[in-house]
Amino acid sequence: MYTQGLDQAGTDEQIAVETDELLSAFQERIDAEEKIEPKDWMPEAYRRTLIRQISQHAHSEIIGMQPEGNWLTRAPSLKRKVILLAKVQDEAGHGLYLYSAAETLGVSRAQMVADLLSGKAKYSSIFNYPTLTWADIGTIGWLVDGAAIMNQIPLCRCSYGPYARAMVRVCKEESFHQRQGFDIMHTLCRGSDEQKAMAQGALNRWWWPSLMMFGPNDSESKHSAQSMAWKIKRFSNDELRQKFVDATVQQADFLGLRVPDDELRFDEDSGHYRFGEIDWQELFDVIAGNGPCNKQRLEKRRQAHSNGAWVREAAQAYASKQASRAAA
Amino acid sequence: MSANQALIAYTLRLADNALILAQRMVELVAAEPELEEELANANFALDFIGQARMFYTYAGELEGQGRSEDDFAFMRDEREFGNLLLLEQPNGHFGDALVRQFLFEAFYLHLLEALMRCSDQRLCEIAARAIKEVKYHFRHSSHWLVRLGDGTELSHNRAQTSLDDAWRYTGEMFTADEIDTAMQENFDGPDLASIHELWRRDIATVVVEATLQLPDDQWMASGGKQGRHSEHLGFLLAEMQYLQRSFPGATW
């Protein structure tokens, strides 16, 4: 669904073999828009940046199953239940491709999962907000997947081949997710007063957290320059955020919903919507673990993992028995 | 009871089985032991909801009173649901949910096979489509039962207990009531006695491979098909039906 790791660099340490010649040859390949493949030489910092970003993206998909899963048992019609379940299943699938893409960089899925469960690895802050009504499911599709698409379409051209290719498929599915979210909102907004109020309430709660998904302002974004030079990242946080606001405000108008920002106005000169200041403290709090659902989301993942330990052990034990039977 | 009424009731039972099991499976989303199992569980639940929708839609057409799939799923009370008791039982641990799946799918496969040969064209068609899905579900649940049974001592013991506990809910699958009989007589429907034999044969093969014991026949619970459920179904429905009941007549 989404990664917030676009700005984060790996560690700065460079190992001895990274000569200037190698580094500049690598940069030339990037500049020539060549794809970097798993067996190609790459700077350690590039590898680590990608591992962190791709695994964080995978974790976001997996944790992102929870807020929507919260409404699976209560979806209001069989059709909506099927669509939502297919969407949540897609997210599990995205997690799987992304873990596989990260594994091509030399890290195991088990290690990545361990880092998520220990709290060392991060996932997108947006999934630490609760889904309180059915309209939240619509809003997540419309805004959260909408924001994810803004971010992920450029990743289809990312310099690292396996990530770029995984993103092509992910983006196709995300686009369907975004449309289903908008369709839920559209249906609610044509419904009863209670349904419209539900839609407005969800927009009020999800608007600002969605804008935060693009990360800090460019002036505060420390590692963007290196990621841009490596063509892991193609557009700045503020550029993408602006693009999202420009597209979304008009959709809200169409739905008859009010974007909860008193400072929002259309600027004729630039052709963009100008919006109010984001409460960055809230984002930093949520990233630091102090969002409404951080504890709950991670706890559920840990519990699923520990409850499943005996099942994974059984599968391993059976596989070993089979292997020794075959050898005998 | 007319032949048409029996056909409607029978079709609704098929729909209820698929929906109630799917609802239990949906509760397991984001709680599976491995990511690959998340994909499998969601995939199979999608198949079951799809089958429920086809059966409900057909029941509505047969009834001719304009009831939709959602009217059947969300606006009936538990006494009107005709699913098997086995399927409404809480998920428990992975082994419990798996054994429930395994015992039902072994039965459902043969039921669908028999329905493909019944004289009601539409049920034949739905069964022909559903059986393709249930075949691979059963392969999946059989493989897992073998892994658990022939895995570790802990998994073996848990799987055996799951099997022993679920066994009491298998009896009603094969006990024909007037609707089953009407379906068999008027539409050349499934013969539950012969399905019982096939079911025993199939599950015994897997259970032996899993190094587990088939439970002895014991007292069997019944009543699900006739709408006399365990305490669990009411809660399942209360959760599932909540939005439709809170906002009657709304479009979603």
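The structure presented is a predicted model; accordingly, all values stated were derived computationally and were not measured.

Asks: Just to check I follow, could you spell out the overall build of chain A for this structure?
Replies: For chain A, the helix and strand inventory stands at 12 helices and two strands. Its C-alpha atoms give chain A a radius of gyration of 21 Å, within 12% of the compact-globule value 20 Å for 328 residues. Taking the principal axes of its C-alpha atoms as reference, chain A extends roughly 70 × 55 × 35 Å. Restricting the contact set of chain A to residue pairs at least 6 apart, pairs at least 24 apart contribute 80%. Summing over all exposed atoms, chain A offers an accessible surface of approximately 13800 Å²; the carbon and sulfur share of this is 53%.

Asks: Please clarify how the overall build of chain B should be interpreted in this entry.
Replies: Helices and strands together make up the secondary structure of chain B, namely 12 helices and zero strands. For chain B, the succession of helices and strands along the chain, N to C, is α-α-α-α-α-α-α-α-α-α-α-α. Its C-alpha atoms give chain B a radius of gyration of 18 Å, within 12% of the compact-globule value 18 Å for 252 residues. Counting only C-alpha atoms, chain B reaches 55 × 40 × 30 Å along its principal axes. Of the contacts made within chain B by residues no fewer than 6 positions apart, 80% connect residues no fewer than 24 positions apart. Accessible area for chain B stands at about 10000 Å²; split by element, carbon and sulfur atoms hold 50% of it. Of the charged side chains in chain B, 21 are positive and 41 negative, and the gap between their average positions amounts to 2 Å.

Asks: Any chance you could explain the confidence of the model for chain B here in plain terms?
Replies: Detailed reading of the predicted coordinates is not advisable wherever pLDDT is low. With 100% of its residues at a pLDDT of at least 70, chain B reaches an overall mean of 97. Quick note on the complex model: pTM equals 0.95, ipTM equals 0.97.

Asks: Would you explain empty space enclosed by the protein in this entry?
Replies: To find leftover empty space, one rolls a probe the size of a water molecule over the atoms. Residue and element names in this part refer to chain B. Counted by the stated rule, this structure contains four cavities of 30 Å³ or more. Approximately 180 Å³ is the volume attributed to the largest cavity. Along the wall of the largest cavity there are 15 residues; nearest its centre are Glu 32, Asn 41, Leu 98, Gln 101 and His 140. Only helix 2 (35-63), helix 5 (94-115) and helix 6 (121-149) provide two or more residues apiece to the lining of the largest cavity. Per-element accounting of the lining of the largest cavity gives the leading share, five residues, to helix 5.

Asks: Looking at this model, I keep getting lost on helix 9 (residues 178-187) of chain B. Mind explaining?
Replies: Counting along an α-helix, one turn takes 3.6 residues, and residues three or four places apart therefore face a common direction. All names here are of chain B. Every buried residue belonging to helix 9 is among Ile 179, Asp 180, Ala 182, Met 183 and Phe 187, and all of these are buried. Buried residues of helix 9, viewed axially, fall in a sector of 165°; they line one side. Facing away from the buried side of helix 9 by more than 90 degrees, the exposed set consists of Glu 178 and Glu 185. Tucked into the core, helix 9 has its buried residues touching helix 1 (3-26), helix 5, helix 6 and helix 10 (192-209).

Asks: Would you explain the interface of chain A and chain B in this entry?
Replies: It is common to report an interface's size as the accessible area lost on association of the parts. Every contact between the two is made by 45 residues of chain A and, on the other side, 48 residues of chain B. Summed over both partners, the interface of chain A with chain B buries about 4100 Å², with 70% contributed by carbon and sulfur atoms. It is A:Thr73, A:Leu78 and A:Trp310 that lose the most area in chain A upon contact with chain B, and together they represent 20% of the buried surface on that side. Across the chain A-chain B interface, the total number found is four salt bridges. A salt bridge links A:Arg325 to B:Asp150; the shortest N-O distance between them is 2.8 Å. Connecting chain A to chain B are 15 residue pairs in polar contact (both at pLDDT 80 or more). Put simply, the parts of the chain that give the side of chain A that touches chain B at least two residues each are helix 2 (44-69), helix 3 (78-103), helix 6 (161-189), helix 7 (193-212), helix 11 (294-307) and helix 12 (309-327) of chain A.

Asks: When you look at the packing of aromatic side chains in this model, what are you seeing that I'm missing?
Replies: A ring pair, where both rings are aromatic, is described by two values, the distance of the centres and the angle of the planes. Residues and elements named next belong to chain B. Tallied over the full model, the rule gives 23 aromatic pairs over all chains. Between the aromatic rings of Phe 44 and Tyr 136, the centroid separation amounts to 5.6 Å while the plane-to-plane angle is 50°, which identifies the pairing as tilted. On the criterion of sequence distance, the pair formed by Phe 44 in helix 2 and Tyr 136 in helix 6 is long-range, its members being 92 residues apart. In this structure Tyr 136 comes out as partly exposed when scored by relative accessible area, which is 28%. Centre to centre, the rings of Phe 107 and Phe 174 are 5.5 Å apart; their planes meet at 90°, and the pair counts as edge-to-face. Placement of the pair is Phe 107 in helix 5 and Phe 174 in helix 8 (residues 171-174), with a sequence separation of 67 residues. Across the ring face of Trp 144, the terminal group of Arg 147 is positioned such that the distance to the ring centre comes to 4.6 Å.

Asks: It is not clear to me how the packing of helix 11 of chain A against helix 12 of chain A should be interpreted in this structure. Could you clarify?
Replies: Working note: a packed helix pair is described by the angle between its axes plus the distance between those axes. Residue and element names in this part refer to chain A. Two numbers describe how helix 11 lies on helix 12: the axes approach to 4 Å, and their chain directions differ by 40°. The pairing of helix 11 with helix 12 is recorded here as oblique in orientation. Residues His 305, Ser 306 and Asn 307 of helix 11 touch helix 12, and the partners they reach there are Ala 309, Trp 310 and Arg 312. A per-class count over the contact of helix 11 with helix 12 returns two nonpolar, three polar and one charged.

Asks: It is not clear to me how the environment of A:Ala45 should be interpreted in this structure. Could you clarify?
Replies: Following the sequence through the fold, A:Ala45 ends up in helix 2. For the pair A:Ala45 and A:Gln226, spaced 181 residues apart in sequence, the C-alpha to C-alpha distance is 9.9 Å.

The rules behind each value
- Residues numbered from 1 in each chain as written.
- Chains lettered and ligands numbered in written order.
- Predicted model: local features only at pLDDT ≥ 70, side-chain atom pairs only at ≥ 80, totals over all residues.
- Heavy atoms only, no water.
- Helix = DSSP H or I, 4+ residues; strand = E, 2+ residues; numbered from the N terminus.
- Rg over C-alpha atoms; globule rule 2.2 N^0.38 Å.
- Contact = heavy atoms within 4.5 Å.
- Areas by Shrake-Rupley, 256 points an atom, 1.4 Å probe, with all protein chains shown as cover.
- Lys, Arg positive; Asp, Glu negative; His and termini not counted.
- Charge placed at Lys NZ, Arg CZ, Asp CG, Glu CD.
- pLDDT = per-residue confidence, 0-100.
- 1 Å grid on protein atoms, 1.4 Å probe; cavity = no way out; pocket = protein on both sides within 12 Å on 5 of 7 lines; lining within 4 Å.
- Points joined across faces, edges and corners; volume = space filled by probe spheres on them.
- Buried < 20%, exposed > 50% of the residue type's maximum accessible area, 1.4 Å probe, protein only.
- Arc of directions from axis to C-beta.
- Buried area = accessible area lost by both parts, 1.4 Å probe.
- Salt bridge = Lys/Arg side-chain N within 4 Å of Asp/Glu carboxyl O.
- Polar contact = N/O pair within 3.5 Å; in protein donor to acceptor, adjacent residues only side chain to side chain.
- Phe/Tyr/Trp six-rings, centres within 6.5 Å; stacked < 30°, edge-to-face > 60°.
- Lys NZ or Arg CZ within 6 Å of the ring centre and 35° of its normal.
- Axes fitted to C-alpha atoms, helices over the stretch in contact; angles between N-to-C directions.
- Parallel < 35°, antiparallel > 145°, perpendicular 65-115°, else oblique.
- Nonpolar A, V, L, I, M, F, W, Y, C, P; charged D, E, K, R; others polar.

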